[in-house]
Amino acid sequence: MKKGLLVLFFFFCSLANWASYPKPVRYLQKAIGNENPRAVAIALDITLGYFGVHRMYLGTDPKVPIFYTLSMGGGGVLWLVDLGLLIAKKDIDAFIDNPRMFMWAGKN
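Computed from a predicted structure; not experimentally measured. (Residues numbered from 1 in each chain as written. Predicted model: local features only at pLDDT ≥ 70, side-chain atom pairs only at ≥ 80, totals over all residues. Heavy atoms only, no water.)

Draft legend 1. Main features of the environment of Tyr57. Structurally, Tyr57 can be placed in helix H4 (residues 53–58). Each C-alpha atom, one on Tyr57 and one on Leu44, is 8.2 Å from the other, the two residues being 13 residues apart in sequence. (Helix = DSSP H or I, 4+ residues; strand = E, 2+ residues; numbered from the N terminus.)

Given below as structure tokens:
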């Protein structure tokens, strides 16, 4: 039990440092060049969406993956809604660098 709490503590501390780094989707697009961020986000959502990893890839506030992790993927539904949106929408620019908890709610 103590080991699990220690791992969670270090995970959340690393998320606080993560906010200062450049957004992964922009960095990878520049590094690789001809990448499809929509396909990568869909793959991350299918595999690790329960923890909000697709949101970290797209660029978001550090509180969002913490919420996904603590709420078990938004009650097991939020990551599925995100997956449906990523599949249905051809243009995901509205979801990139979106700090909101619900990525479909728009930008600030």
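Draft legend 2. Representation of the environment of Pro37 within the structure. Among the secondary structure elements, Pro37 is positioned in helix H3 (residues 37–48). For the pair Pro37 and Ile92, spaced 55 residues apart in sequence, the C-alpha to C-alpha distance is 8.5 Å.

Draft legend 3. Structural view of helix H7 (residues 78–88). Burial in H7 covers these residues: Leu78, Trp79, Asp82, Leu83, Leu85 and Leu86. Down the axis of H7, the buried side of the element spans an arc of 165°, and every buried residue falls inside it. On its buried side, H7 packs onto H3, H4, helix H5 (63–70) and helix H6 (72–75). (Buried < 20%, exposed > 50% of the residue type's maximum accessible area, 1.4 Å probe, protein only. Arc of directions from axis to C-beta. Contact = heavy atoms within 4.5 Å.)

Draft legend 4. Spatial organisation of a nonpolar patch on the surface. Judged by side-chain polarity, Leu48, Tyr50, Phe51 and Met72 come together as a nonpolar surface patch covering roughly 370 Å² of accessible area. Structurally, Tyr50 is set in the loop between H3 and H4. (Patch = residues over 30% accessible without salt bridge, like charges linked within 9 Å, V, L, I, M, F, W, Y side chains within 5 Å. Areas by Shrake-Rupley, 256 points an atom, 1.4 Å probe, with all protein chains shown as cover. Salt bridge = Lys/Arg side-chain N within 4 Å of Asp/Glu carboxyl O.)

Draft legend 5. The environment of Arg100, seen in detail. With respect to the helices, strands and loops of the structure, Arg100 is situated in the segment after H7. Owing to a relative accessible area of 31%, Arg100 belongs among the partly exposed residues under this scheme. Sequence separation between Arg100 and Asp61 is 39 residues, and the spatial gap between their C-alpha atoms is 7.3 Å.

Draft legend 6. Structural context of the side chain of Arg38. As for its placement among the helices and strands, Arg38 is situated in helix H3. Buried within the structure, Arg38 lacks any salt-bridge partner; its nearest side chain of opposite charge belongs to Asp91, at an N-O separation of 8.7 Å. A distance of 3.0 Å separates a polar side-chain atom of Arg38 from the backbone oxygen of Leu86. If we ignore the near neighbours within four places in the chain, the residues touching Arg38 are Leu86, Ile87, Lys89, Lys90 and Ile92. (Lys, Arg positive; Asp, Glu negative; His and termini not counted. Polar contact = N/O pair within 3.5 Å; in protein donor to acceptor, adjacent residues only side chain to side chain.)

Draft legend 7. Geometry of the pattern of salt bridges. Applying the stated criterion across every chain yields a total of one salt bridge. Among the ionic pairs, Lys63 bridges to Asp61, the shortest N-O distance being 3.6 Å.

Draft legend 8. Molecular detail of the packing of aromatic side chains. All told, the structure shown has two aromatic pairs when counted by the stated rule. Between Tyr50 and Phe51, the ring centres sit 5.7 Å apart and the planes meet at 85°, which makes this aromatic pair edge-to-face. Given a relative accessible area of 34%, Tyr50 falls into the partly exposed group. Given the relative accessible area of 40%, Phe51 is considered partly exposed. Seen in terms of ring centroids, Phe67 and Tyr68 are 6.5 Å apart; in terms of plane orientation they differ by 90°. Their pairing is edge-to-face. (Phe/Tyr/Trp six-rings, centres within 6.5 Å; stacked < 30°, edge-to-face > 60°.)

Draft legend 9. Structural detail: unusual backbone geometry. The residue Met72 is not glycine, and still its phi comes out positive at about 55°. Locating Met72 in the fold gives a position in helix H6. Classification of Met72 by relative accessible area gives exposed; the value is 52%. Even without glycine at this site, Asp97 takes up a positive phi of about 60°. As for its position among the elements, Asp97 is in the segment after H7.

All quantities given are derived from atomic positions and should not be read as evidence of function.
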